Amino acid sequence: MGRLWRFDETIDTDILAPGFYMKAPLKELSQHCLEALRPSFAASVQHGDILLAGPNMGVGSSREQAAEVLKYLGIEAVIAPSFAGIFYRNAINLGLPVFTLPTAYTDLPQLTDGAEVTFDFHQARMTLNESGIDIDLDPLPIFLRELILDGGLVPHLEKRFATEQRS
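All residue numbers here refer to positions counted from 1 along the written sequence of the relevant chain. Reporting of local features is limited, given that this is a predicted model, to residues whose pLDDT is at least 70; pairs of side-chain atoms are given and counted only at 80 or more, and all residues count toward the totals for whole chains, interfaces and linings. Water and hydrogen atoms play no part in the side-chain values, which are based on all heavy atoms of the structure.

### Quick notes on the side chain of Thr13
- For helices the rule is a DSSP run of H or I covering at least 4 residues; for strands it is a run of E covering at least 2, with both sets numbered from the N terminus onward. Position of Thr13 among the secondary structure elements: in helix 1 (residues 13-16).
- Leaving out residues up to four positions away in the same chain, Thr13 has contacts with Gly58, Val59, Gly60, Ser61, Arg63 and Ala66. The contact definition used throughout considers only heavy atoms, calling two residues in contact when any of these lie within 4.5 Å.

Laid out in structure tokens, this is it:
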């Protein structure tokens, strides 16, 4: 169970991982995540929270730190009507679940900032706890789910190579 962080605007990679802090350690960089839109975000986000963004989430540069800071801060999943391709793949490669929100749900009034939600990765479903509304997200293919569950691309490949060497 977590809290929903709703951002209706498109969030670009410069807002997630500001360029001024790119050479800083991840711990410091993460403290500036989304500060241009919501200065209290990094200090207030908790493990298990869900980020709901506007369309074309993660547009901008190819910096993988944009997805990495969200995972570092404890975001359980990022949900948006659409994603920039590079951000989407970076998130998956780092083990951060990203799900597309079907258009039927985009204007649902219960999707409010701060709502308590329960997220089910395996079912690709988010439940709004107060109203009991289930939101079925566009599911990920099995091979991407496995990659995310393994912690991202590198741990997934390490696991796969170790399994192949034993056989």
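From this point, the narrative continues.
### Quick notes on the packing of aromatic side chains
- Think of it this way: a Phe, Tyr or Trp ring, Trp meaning its six-membered ring, pairs with another when their centres are within 6.5 Å, and the plane angle makes it stacked under 30 degrees, edge-to-face over 60, tilted otherwise. In this structure the tally under the stated criterion is seven aromatic pairs.
- Ring centres of Phe83 and Phe87 lie 6.4 Å apart, and the angle between their planes is 5 degrees; this geometry places the pair in the stacked category. Per residue, the accessibility class of Phe83 equals that of Phe87, and both read buried.
- Each member of the aromatic cluster is reached from another via a ring pair, and the members are Trp5, Phe7 and Phe41. The classification of residues rests on relative accessible area computed with a 1.4 Å probe and restricted to protein chains. Under 20% of the type maximum is buried, over 50% is exposed, and intermediate values are partly exposed.

### Considering unusual backbone geometry
- In this structure, Asn56 is a non-glycine residue whose phi angle is positive, near 60 degrees.
- Following the sequence through the fold, Asn56 ends up in the loop between strand 2 (50-52) and helix 4 (65-73).
- Judged by its relative accessible area of 32%, Asn56 is partly exposed.
- Notably, Ala124 is not glycine yet its phi reads approximately 50 degrees, a positive angle.
- Structurally, the position occupied by Ala124 is in the loop between strand 5 (116-120) and strand 6 (125-128).

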